[in-house]
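Notes for the structure review
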Amino acid sequence: LFVGKHKDVQVIDLRPHKEFTGEVNENIPGCRADHIKGAVNIPMSEFFNKDNTFVTSEDMSKILEKNKLDPNKKTIVMCKTGIAASNGFFVLSNQHFKDIQLYDGSWSEYGSLTK
């Protein structure tokens, strides 16, 4: 995944911001602390209310628009291990994104394979 080389692809990393920036080590053996260059960080928590229900469809739309995401581009969702990314897949489906892919290995795989 080299987002900068593929302008038709956008990657959404749903990990908490400090994990995305590498400020917090995720304690995955052999996995570096960082993110995919060019990925957009939207912590999955932004899509949940305090009672752990999803925010409204309108609020989902506002979050995605604020991050300048295009529903017509291929969109890859990821997190730490692929679990939160499944919720992200739901959000994007709800917002009518056309081509959504879930990176099931997510950062635990990517961060272990790249230096």
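Analysis parameters
- Residues numbered from 1 in each chain as written.
- Predicted model: local features only at pLDDT ≥ 70, side-chain atom pairs only at ≥ 80, totals over all residues.
- Heavy atoms only, no water.
- Salt bridge = Lys/Arg side-chain N within 4 Å of Asp/Glu carboxyl O.
- Helix = DSSP H or I, 4+ residues; strand = E, 2+ residues; numbered from the N terminus.
- Buried < 20%, exposed > 50% of the residue type's maximum accessible area, 1.4 Å probe, protein only.
- Arc of directions from axis to C-beta.
- Contact = heavy atoms within 4.5 Å.

Moving on, we get to the pattern of salt bridges. In this structure the tally under the stated criterion is five salt bridges. Between arginine 32 and aspartate 34 there is a salt bridge; the shortest N-O distance is 2.7 Å. A salt bridge links lysine 62 to glutamate 58, with the nearest nitrogen and oxygen atoms 3.4 Å apart. Of this pair, lysine 62 and glutamate 58 both sit in helix 2 (residues 57–66), four residues apart, which is roughly one turn of the helix. Taking relative accessible area as the criterion, glutamate 58 reaches 54% and is therefore assigned exposed. Beyond isolated ion pairs, a larger network of salt bridges with shared partners links Arg32, Asp34 and Lys37.

Of the positions making up helix 4 (residues 106–113), those classed as buried are Ser106, Trp107, Tyr110 and Gly111. The arc that holds the buried residues of helix 4, viewed along the axis, is 95°, so those residues lie on one side. At its buried positions, helix 4 is contacted by strand 3 (74–78) and helix 3 (83–94).

For the rest of this paragraph, the subject is unusual backbone geometry. With a phi close to 55°, lysine 68 is a non-glycine residue in the positive phi region. A positive phi angle, close to 45°, is found at serine 106, a residue other than glycine. Structurally, the position occupied by serine 106 is in helix 4. Judged by relative accessible area, serine 106 falls into the buried class, the value being 0%.

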